[in-house]
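# Residue-level structural notes
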Amino acid sequence: MTNYDADILILGAGPAGLSAAQYGARAALRVLVLEQLAPGGQALLIDTLENYPGLIPARSGFDLADAMHQQAKDFGACFITAAAVSVSAADVRRSIPFTVTLDDGKKLTASAVLIATGARHRVLEITGERELTGMGVSYCATCDGPFFRGKKIVVVGGGDAACDEARYLARLSSHIVLVHRRAEFRAQKALADRVMNDPRIEVRLNTRILEIHGTDKVTSVVLETNGETHEELADAVFIFVGSVPALPCLPSLLKTDSQGYIITDQSMATSISGIFAAGDVRATPFRQVVVAAAEGAIAARSAVAYIDKQER
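Structural notes, computed from the coordinates.

What counts and how
- Residues numbered from 1 in each chain as written.
- Predicted model: local features only at pLDDT ≥ 70, side-chain atom pairs only at ≥ 80, totals over all residues.
- Heavy atoms only, no water.
- Helix = DSSP H or I, 4+ residues; strand = E, 2+ residues; numbered from the N terminus.
- Buried < 20%, exposed > 50% of the residue type's maximum accessible area, 1.4 Å probe, protein only.
- Contact = heavy atoms within 4.5 Å.
- Phe/Tyr/Trp six-rings, centres within 6.5 Å; stacked < 30°, edge-to-face > 60°.
- Lys NZ or Arg CZ within 6 Å of the ring centre and 35° of its normal.
- Pairing = 2+ DSSP bridges.
- Right-handed = clockwise from strand over helix to strand, strands pointing away.
- Disulfide = S-S within 2.5 Å.
- Axes fitted to C-alpha atoms, helices over the stretch in contact; angles between N-to-C directions.
- Polar contact = N/O pair within 3.5 Å; in protein donor to acceptor, adjacent residues only side chain to side chain.
- Core = buried A, V, L, I, M, F, W, Y, C linked by side-chain atoms within 4.5 Å.

Counting through the fold element by element, Ile212 comes out in strand E12 (residues 207–214). Judged by relative accessible area, Ile212 falls into the buried class, the value being 3%. Separated by 22 residues in sequence, Ile212 and Ala190 have C-alpha atoms that sit 30 Å apart. Leave out the neighbours within four places in its chain, and Ile212 touches Ile126, Thr127, Gly128, Glu129, Leu132, Val137, Val218, Ser220 and Val237.

Within this structure, the stated rule accounts for 2 aromatic pairs. Measuring from centroid to centroid gives 6.1 Å for Phe148 and Phe238, while their planes differ by 85°, and the two rings are edge-to-face. Highlighted residues: Phe148 in the loop between helix H3 (141–144) and strand E9 (153–156) and Phe238 in strand E15 (residues 236–239), separated in sequence by 90 residues. A relative accessible area of 15% places Phe148 in the buried class. Summarising the aromatic geometry, the rings of Phe276 and Tyr306 are spaced 6.2 Å apart at their centres and angled 70° between planes, so their arrangement reads as edge-to-face. Separated by 30 residues along the polypeptide, Phe276 in strand E17 (residues 275–277) and Tyr306 in helix H6 (residues 289–311) bring together distant segments of the chain. When its relative accessible area of 5% is taken as the criterion, Phe276 is described as buried. A relative accessible area of 10% places Tyr306 in the buried class. When the ring centre of Phe75 is taken as origin, the NZ or CZ atom of Arg26, which lies over that ring, is 5.4 Å away. Here the basic side chain of Arg287 rests over the ring of Tyr261, its NZ or CZ set 3.8 Å away from the ring centre.

To continue, consider the sheet that holds strand E11 (residues 201–204). The strand order across the open sheet formed by 5 strands is E8-E15-E9-E10-E11, and the pairing between neighbours is parallel. Two strands close off the open sheet at either side, each with one partner strand: strand E8 (137–138) and E11. Pairing of strand E10 (residues 176–179) with E11, which is carried by 4 bridges, proceeds in the parallel orientation. Paired with Val177 across the bridge in E11 is Glu202.

Once that is clear, we can look at the pairing of strand E2 (residues 31–35). By the criterion of burial, E2 is predominantly enclosed, with 5 of the 5 residues buried. Burial of E2 is two-sided: the residues Val31, Val33 and Glu35 facing one way and the residues Leu32 and Leu34 facing the other way are all buried. Two strands pair when backbone bridges link them, and strand E1 (residues 6–11) and E2 are joined in this way by 4 bridges, in the parallel orientation. For Leu11, the partnering residue across the bridge sits in E2 and is Leu34. Strand direction decides the pairing type here: E2 and strand E3 (residues 78–81), joined by 4 bridges, are parallel. Note on E3: the bridge partner recorded for Val33 is Phe79. This β-α-β element, E2 to helix H2 (residues 61–74) to E3, shows right-handed connectivity.

In this section: the state of the cysteines. What makes a disulfide is a covalent bond joining the sulfur atoms belonging to two cysteines. Under the counting rule described, the total for this entry stands at 1 disulfide. With a sulfur-sulfur separation of 2.2 Å, Cys140 is cross-linked through a disulfide to Cys143. An S-S torsion of about 70° defines the bridge between Cys140 and Cys143 as right-handed.

Time to look at the sheet that holds strand E14 (residues 228–233). One open sheet accounts for 3 strands, arranged E12-E13-E14; its pairing is antiparallel. Strands with a single pairing partner mark the edges of an open sheet, and in this sheet they are E12 and E14. Neighbour to neighbour, the strand axes of the sheet diverge by 25° on average, direction disregarded. Here strand E13 (residues 218–225) runs beside E14; their pairing, made up of 6 bridges, is antiparallel.

On to the side chain of Gln22, then. Structurally, Gln22 is set in helix H1 (residues 15–26). Here Gln22 falls in the buried class, since its relative accessible area comes to 14%. For Gln22, the side chain forms a polar contact with the side chain of Gln71, separated by 3.1 Å. For Gln22, the residues in contact, after removing those within four places along its chain, are Gln71, Ala72 and Phe75.

Turning next to the pairing of strand E5 (residues 98–102). Where burial is concerned, most of E5 is hidden: 5 out of the 5 residues are buried. A two-sided burial pattern is seen for E5, the buried positions comprising Phe98, Val100 and Leu102 on one face and Thr99 and Thr101 on the other. Of the pairings in the sheet, the one linking E5 to strand E6 (residues 107–115) comprises 4 bridges and is antiparallel in character. Each residue of the ladder has a partner; that of Val100, found in E6, is Leu108.

Moving on, we get to the nonpolar core. Residues Leu11, Val100 and Ile115 are the most contacted members of the largest nonpolar core, which totals 54 residues. It is H6 that provides the largest number of residues to this core, a total of 8 residues. Apart from the residues within four sequence positions on either side, Val100 is in contact with Leu9, Leu11, Leu34, Ala84, Ser86, Val87, Lys106, Lys107, Leu108 and Val113. One finds Ala141, Leu178, Val195 and Ala236 within the second-largest nonpolar core, a separate group that totals 22 residues.

Limitation: the analysis is restricted to geometry and does not speak to function.
Shown next as structure tokens:
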């Protein structure tokens, strides 16, 4: 083994990072995981995780993340609360490791790096959104929904997250308006059907939100349906319109797609030897907890093979 701080340094402790931590530690390697918030990533925001294989009865994303975190620690993985601000490439021929600089200036070294920093919510960039964030504009139903019990809530989006969160909010209020700019949902059919059949949720397709009004709280929204605009009273706006990759300052040679997601091969290897990526930060057609966990396991296995090869 090396004298570096870790054999595998994992950036991010969402489902991909936690799964990778377990598999790397089980391979008897020194695994160090960096997470600036709480282990679990966006899975922490899932109220009911009903489609994770074998997880019956359904549990919350928090419960699953907590179990994965404990499992990884039990196998020997170590966790540090910190954020990476840069990653410098290694030079195997000169025995120079990867160096990761943290937000406090500290530097950590590792034989391999696994990027599992996930994605963050996408913003609409409309009038009132930034100004009223935290005052009625939110991106997390389980976090802020209880503040608007019985109030009129506008939910924006048409994917899995929007449908899931609209159904959660419908437990708190019978005045939910779900607006989606397209003629049909992007969500899985089972989720979309539940939303369409929920009497507490009014679905408005072909509808865009143009502005959010209010001073110290949300009071109304401006909606456009089939080219016609109107202002409508509202107490809160919950926005779920996709995500963008959450990336530290990465080496310039690391290839990404047009949206900034990291491109890998089937082994989760990136364009830089020794750097791997898994989960929502990776260019993938399907972003789900089960997919992220599987990719984390593959990435860890590939990192183990990479380290073994270097040592030989």
